[in-house]
Amino acid sequence: MDRNIVTDYDNLYRAYRKAKSGKKFNSSTAKFSSMALDGINILKEQLENQTYTVAPYNRFEIFEPKQRVIESCAFKDKVVQHVFCDNILHPKLQNVFVKYNSAGQVGKGTLYALNGLKDHMEAFYEKHGLDGWILKCDIRHFFYEIDHWILEDIVDYFFRDPYAVWLNHVLIDSSENPGLPLGNQAGQVYALLMVHPVDCMITGELGIVEYGRYMDDFYLFHQNKEYLKWCLDCIRELLKSLGLELNGKTQIIPFRKGIRFLGFHHYMTADGKYIRKITGENKRKIKKRLNKWVKEVKNGKMEKSKMEEKFSSWKNHALHGNCIKLVHSMDLYVEKLFKEQ
């Protein structure tokens, strides 16, 4: 039974260690950790008796890569989400999702999605050369528009154990309807599942082979533009039934022009070579961030080691593409910023 798995003390303790690992030691974490064994026992009892409730979220805004409202849950709720996601949600869904439904899963991060697109572009080129079309879709206000009732119907189809139904609904209804909290571990899984019917329609009924989705951002390849227009109508109708809609970024573009996906511009050359380069928009963004970070280091508002950590993270991401020269130029740019008075 799912209840026994979630309320198992060893599973809860592992979830506690996982939630604590690598996280800032804030007041919520400190309070729970100071009496960890008692805290786990209290959670265990609440989960067994189904009296567990989610504490109010801490709401704040971030502005990179764009303005978003983040709702961070209390440490005890992170523990519950770890034990539930790691032992119930992920194991049961790992063979449900289509291959390139990425994000929020072990081994299926950004690089997995990027390499999936590379495989799709190379396979499409082998069959059609540069002749073909790409339908690039983006869901409008995805996390903020998810309807709890529709989502619960979908989740209940895959998780029919009464205890799992109860805990899924507790977590889904822990925020205002519509919407799911950004940065919430269980919410990431629910968001992936919300658009699973679209994945199934595209790869099944519509017969699209070269298809991939990273949360609310997805693409379809086909040699016939008119067929992709029909696919787009079908996608809009299904999303409408889910309470969702596509945004203005959605478009059909020639395959030869490539596609922007996850911060990179991807395209095939005439002789069949796959190229992945950072977009111009992201180049401008990193320069803006570097200016800000260097200024904060000079003013004593940020440790240089912290700035180097952030910059290194961006460089590692950029090096997933054909961006060695760009990374070198950014190294020189940082040196120049530090030399300026």
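Remember, predicted model here, so these are calculated numbers, not experimental data.

The rules behind the values
- Residues numbered from 1 in each chain as written.
- Predicted model: local features only at pLDDT ≥ 70, side-chain atom pairs only at ≥ 80, totals over all residues.
- Heavy atoms only, no water.
- Helix = DSSP H or I, 4+ residues; strand = E, 2+ residues; numbered from the N terminus.
- Rg over C-alpha atoms; globule rule 2.2 N^0.38 Å.
- Buried < 20%, exposed > 50% of the residue type's maximum accessible area, 1.4 Å probe, protein only.
- Contact = heavy atoms within 4.5 Å.
- Lys, Arg positive; Asp, Glu negative; His and termini not counted.
- Charge placed at Lys NZ, Arg CZ, Asp CG, Glu CD.
- Phe/Tyr/Trp six-rings, centres within 6.5 Å; stacked < 30°, edge-to-face > 60°.
- Lys NZ or Arg CZ within 6 Å of the ring centre and 35° of its normal.
- Pairing = 2+ DSSP bridges.
- Axes fitted to C-alpha atoms, helices over the stretch in contact; angles between N-to-C directions.
- Parallel < 35°, antiparallel > 145°, perpendicular 65-115°, else oblique.
- Left-handed = near helix turned anticlockwise from the far one by under 90°.
- Nonpolar A, V, L, I, M, F, W, Y, C, P; charged D, E, K, R; others polar.
- Expected span 1.5 Å × (residues − 1).
- Bend = angle between axes of the 7 residues up to and from the residue.

## Section: the overall build of the protein chain
(1) Moving on: Broken down by element type, the protein chain carries 15 helices and 10 strands.
(2) Moving on: A compact globule built from 341 residues would reach a C-alpha radius of gyration of about 20 Å, and the protein chain, at 22 Å, matches this within 12%.
(3) Moving on: Dimensions of the protein chain, computed from C-alpha atoms along their principal axes, come out at roughly 65 × 60 × 30 Å.
(4) Moving on: For the protein chain, with 341 residues in total, the buried portion stands at 46%.
(5) Moving on: Of the contacts formed within the protein chain by residues at least 6 apart in sequence, a portion of 70% connects residues at least 24 apart.
(6) Moving on: Taking the 51 positively charged and 42 negatively charged side chains of the protein chain as two groups, their mean positions are separated by 9 Å.

## Brief notes about the packing of aromatic side chains
(1) Moving on: Tallied over the entire structure, the rule returns 14 aromatic pairs.
(2) Moving on: Of the aromatic side chains, those joined through ring pairs into one cluster are F124, Y219, F221, F255 and F261.
(3) Moving on: Above the ring of Y157, the side-chain terminus of R160 is found at 4.9 Å from the ring centroid.
(4) Moving on: Over the ring of F338 we find K304; its NZ or CZ atom is 4.6 Å from the centre of that ring.

## What to know about the sheet that holds strand 7 (residues 251–254)
(1) Moving on: Here we have five strands laid out as an open sheet, ordered 3-5-6-4-7, and mixed in their pairing. Because the sheet does not close on itself, it has two edges, and the strands there are strand 3 (101–102) and strand 7.
(2) Moving on: Strands in contact with helix 11 (residues 196–205) are strand 3, strand 5 (211–214) and strand 6 (217–222); relative to strand 5, the strand with the most contacts, it is inclined by about 170 degrees.
(3) Moving on: Strands in contact with helix 12 (residues 225–241) are strand 4 (133–138), strand 6 and strand 7; relative to strand 4, the strand with the most contacts, it is inclined by about 20 degrees.

## A word on the environment of G212
(1) Moving on: Positionally, G212 belongs in strand 5.
(2) Moving on: On a C-alpha basis, the gap between G212 and K325 in space is 29 Å, while along the polypeptide they are 113 residues apart.
(3) Moving on: Residue contacts for G212: discarding those within four places in its chain leaves Y100, H120, D217, F218 and Y219.

## A few points about the packing of helix 11 against helix 12
(1) Moving on: It is at 10 Å that the axes of helix 11 and helix 12 come closest, and there the two elements cross at 155 degrees. Our classification of the angle between helix 11 and helix 12 gives roughly antiparallel. Seen along the crossing, helix 11 lies across helix 12 with a hand that is right-handed. Between helix 11 and helix 12, the residues in contact are P197, V198, M201 and I202 and C234, I235, L238 and L239, respectively.
(2) Moving on: Its residues placed into classes, the contact of helix 11 with helix 12 shows eight nonpolar, no polar and no charged.

## Some words on helix 5 (residues 75–93)
(1) Moving on: A rise of 1.5 Å per residue sets the reference length of helix 5, with its 19 residues, at 27 Å; its end C-alpha atoms lie 25 Å apart and thus fit the reference within 8%.
(2) Moving on: Approximately 50 degrees is the largest bend angle found in helix 5, and it occurs at C85.

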